[in-house]
Amino acid sequence: MKKQKHLIKMVCLILLVVSLGGCWDKKEIERNAYVVAIGLDKGKEASLKITYLISNPEYGSIQQGGSTNEPPVEIISFETDDLVSPLYKANAVIAKEISYNLMKNIIVSEKLAMEKEFIRWMYDTTKEKDIRRDTYLIFTKEDASKFILENQPKLETRANKYFEFIIRRGIATANIPDSTLHRYLRITEADADLFLGIYATTEHEDTDQSNKGDEIFAGQLDTTGKTNKTQFLGSTVFKEGMMIGKLTAEDTRISLLLSVAEKSPPMLISFPDPNKKEYRIAAKITQLKSPKVDLKMNNGISKVDVFLPIHMDILTDHAMENYAKDTQKREELKKYIENRFEKKMMKFVTRTQEEFKADPFGWSLIARKKFASLPEYKRFGWMQAYPQMDVNISVNITFGDFGRQSRLPKLEKVRD
Amino acid sequence: MLGDLLKKAFSSNKKSNPFHEKSNKEEIQIKEQKIHSDLEYSMTIFKEIYSFPDNKDVKFRTFQIGGLKKQACLISISTITDIKLLDEYAIQPLLRNDNPSFSIENVLAVQALSTVEYNKDAIYEINKGNAVLFIEGYTKAYSITAANFQGRDVSNADNEIVLKGPKEAFTEKAASNISLIRKRIRDENLIVESAVISKRTKNELFIVYIKDLANKQLLDNIKKRVSSLNVDSVQNLALLEQHIEERKLSLFPSILYTERPDRASAFIEDGYIVLLMDNSPDSLVLPATFWSFFHISEDHYLRYIYGNFTRGLRMIAIFITLFSSSIYVGITNYHTEMIPPDLLLAISATREKVPFPAIIEVILMEFAFGLIREGGLRVPTPIGPTIGIVGALILGQAAVQANIVSPIVVIVVALAGVCSFLVSDISMNFAIRIIRFFFILSAGFFGFYGMTAVFTAGLFYIVSIKSFGVPYLSPMTPKYTSSKDTVFRRLLKNEIFRPGYVKPKDMKKT
């Protein structure tokens, strides 16, 4: 009897515990509206205008009981003062609970990013627990709300897939930098280097493209045909959490090559043939090792020596020079490319020193090692010292292969 | 008020002897007596005990022994005795004998002969299928071993199927089961002890072990436990298992039940003790650890790599069975950020039109799957395939089309169901299937946190329980010297130790 009594008490207690606990943050999966991207613009009355790109889970599903005729996405914009409160405000229109679980992209208009206040709103992302640190930051030429509306991927059924694919591919081809929320916050807080954000637009800009090569921004690449208007190309430059400029695709690549934070992806580039300037050579460059950056500090002016080893595969040979066969021509080509690279890089470094007054290469990480303690490093003030530094870049090219078939026929022989 | 109700519900009925029982003290007294020298008197007693004319298959054969010129009576139950044997080797030699000075032992040409002195022993022998010979003027009777019970022949194992290795299985005849074990272990140290374990039916239990291997303490413990049973009848080992196990309410089985003689012999050779019984086409192996339920004999018959491959599959299958449904519930209710976006959207899309919360949906499907499984088990063979098709069609296809469950739940539950079949031991199979519901509930209430808590508590429990003094997870934890045959097995040449936790008298196998 006594044992049974205890048993009953125990069972009751356990049942009570179950009823007390649990289910606090239980959310049935289908009762959420999944935001794929949020857009941020400057508001007219409130400080921000937020745009939600909400994915329709039923769209594109071929499962039984899952397919639908509804549109793929739902887009809503309204004004707000922060990133957290609109979660509930949006429910005036959206039937389901807004969830940031799928939110992997924050799209910000250039105009807002250039605001001094921008950093204040970015720190909202650290407060809301559902926002991930690996969320991509995309900066658009036009308003983010317009960008989201105009962006119409042709083949990617779901918006989240489109953003994931195009950004990953863009990073892999070095068209855009790897710009995540985490990196933005880290670089801003370290207060030494520049942060590069992804630059994108749906607006097409008519420019003269001839001989510009990669010196273009998003929106400047001429495309025709039946495709999406959106372009992801180039980067935006942030200093102390605020946007201060833009980099072309080429400058973005140079900064990736010189960066010590991580290795840059392989890139496809083209440059004029040294022997016949009217033809261009296409090449694939691979960074085998991250650049060796040496920092020498004398009181007053510091000196930075950068040694950049690059592996290069020559892909085309329009001038029919047969570089694979001729050692001397190859030597000449090597010299020419090294020279060209060094010049271009130096030009860019000088620009960062003069225009941005800080570096996007993460060299401060090297500088940190030179000091015994953090206060010493802080006293040195990397960002203040950088514009005066004497930077010296040397590039070393090693050739890989010269195409699948290295030899080309003599043009004179073909055309006799 | 609630307390009063509970008290009433649990208060025991204190009236003594509510049954109208009838004492058979007299009969017991007669049975306790020695065999009377007066044959006439004895026969009257026995005819009464066996309700002679009513009980059709009890035979009293009265005849005069040649030479001796004495009346004799042979009592047997014809349905369980070999009548031909009795006729040829017992009755005929006695009738034809003309030598006046001879001993009964030398005339009876039967294989085994023993004498009994008490009525109750004679009754016991007759009930066992033997024939008992009473002779005028003798105060003892001869029991002639002539039992011939009907039963199946040795046939294939139905439940523990292997592709490679012996196919024989135990049958309902204990004698042939022992023969199957002796066939595998030709060792004079292999002991087959017998013990009567029930009061009325007198069921006989055989305890099989190797004398110079099995631990004495363990053996005594088991003997004590089977001899202290106080029941009228234990029909077979499945019932005996429930009588002798330590934790009768535990989810986990503590005695291994196998129908394969090769498996039983392998355990005997490792120092375990095996119980056999008539009417049981199987054996009990004790003590049992978690691993003995996890393993099957084919693991060792297959080559090292193949055997371990199936072991790996089985271990994964256990985890899939335990966790797949609960992970689905946990993820869809609490941890949506953990799954890839496309899967999240796919689940969300299919859940859109489903009327129930995820946990109800899963429990519904689990319940339906359980029904199909139990139904399919009991269905007569000719309509067996039909129920499979109906079950799969209705529950899989139609339920999804009717938007009662989402297709992903069908996948999750079906996967868990299929994986549960990899654990071939029926007790462990049930244990895992029941535990799965705990995980589903905990995931429904607390998400992964709850699952982790239940898993941890379960681990505590499984480590704490013992089977006949042997920790359940040994030799993994606590550690014992053994061949380390746990999740994976080792090469045969490296399996040189007997399991240390059964404390065999000889540790090394080589």
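Residues numbered from 1 in each chain as written. Chains lettered and ligands numbered in written order. Predicted model: local features only at pLDDT ≥ 70, side-chain atom pairs only at ≥ 80, totals over all residues. Heavy atoms only, no water.

Looking at an unreviewed UniProt entry, one finds chain A named Ger(X)C family spore germination protein, with Cytobacillus praedii as its source organism. The heading Subcellular location (unreviewed entry) in the UniProt record of chain A holds the text "Membrane". Its UniProt record gives chain A a comment under Sequence similarities (unreviewed entry), which states: "Belongs to the GerABKC lipoprotein family." (UniProt positions renumbered as here; feature names shortened; annotations may be inferred.)

Asks: Account for the domain arrangement of chain A, naming residues and giving values.
Replies: Residue and element names in this part refer to chain A. Assigned domains of chain A: these are domain 1 (30-247) and domain 2 (264-416). Distance between the C-alpha centres of domain 1 and domain 2: 32 Å. Between domain 1 and domain 2, roughly 1400 Å² of surface is buried when both sides are summed, and carbon and sulfur atoms account for 57% of that area. The largest share of the area that domain 1 buries against domain 2 comes from Ala192, Asp193 and Leu194, three residues that together contribute 35% of it. Put simply, domain 1 and domain 2 have 1 salt bridge between them. As a salt-bridge pair, Lys344 and Glu215 come within 3.6 Å of each other at their nearest N and O atoms. In this assembly, domain 1 and domain 2 are joined by 4 residue pairs in polar contact (both at pLDDT 80 or more). When contributions to the side of domain 1 that touches domain 2 are tallied by element, the ones reaching two or more residues are helix H6 (159-172), strand E8 (231-239) and strand E9 (242-247). With 4 residues, the top contributor of residues to the side of domain 1 that touches domain 2 is E9. Split by residue class, the side of domain 1 that touches domain 2 holds 10 nonpolar, 2 polar and 7 charged. (Domains from an automatic or database assignment. Buried area = accessible area lost by both parts, 1.4 Å probe. Salt bridge = Lys/Arg side-chain N within 4 Å of Asp/Glu carboxyl O. Polar contact = N/O pair within 3.5 Å; in protein donor to acceptor, adjacent residues only side chain to side chain. Helix = DSSP H or I, 4+ residues; strand = E, 2+ residues; numbered from the N terminus. Nonpolar A, V, L, I, M, F, W, Y, C, P; charged D, E, K, R; others polar.)

Asks: Please set out the domain arrangement of chain B residue by residue, giving values where relevant.
Replies: In terms of domain boundaries, chain B breaks down into domain 1 (25-144), domain 2 (174-288) and domain 3 (303-470). Distance from the C-alpha centre of domain 1 of chain B to the C-alpha centre of domain 2 of chain B: 33 Å.

Asks: Got a sec to walk through the packing of helix H13 (residues 304-333) of chain B against helix H17 (residues 407-420) of chain B? Specific residues and values, please.
Replies: All names here are of chain B. For the pair H13 and H17, the least separation of the axes is 8 Å and the interaxial angle reads 155°. Between H13 and H17, the interaxial angle falls into the category roughly antiparallel. For H13 against H17, the interelement crossing comes out left-handed. Facing Ala317, Ile320, Thr321, Ser324, Ser325 and Tyr328 of H13, the residues of H17 in contact are Ile408, Val409, Val412, Val413, Leu415, Ala416, Cys419 and Ser420. A class-by-class count of the residues in the contact of H13 with H17 yields 10 nonpolar, 4 polar and no charged. (Axes fitted to C-alpha atoms, helices over the stretch in contact; angles between N-to-C directions. Parallel < 35°, antiparallel > 145°, perpendicular 65-115°, else oblique. Left-handed = near helix turned anticlockwise from the far one by under 90°. Contact = heavy atoms within 4.5 Å.)

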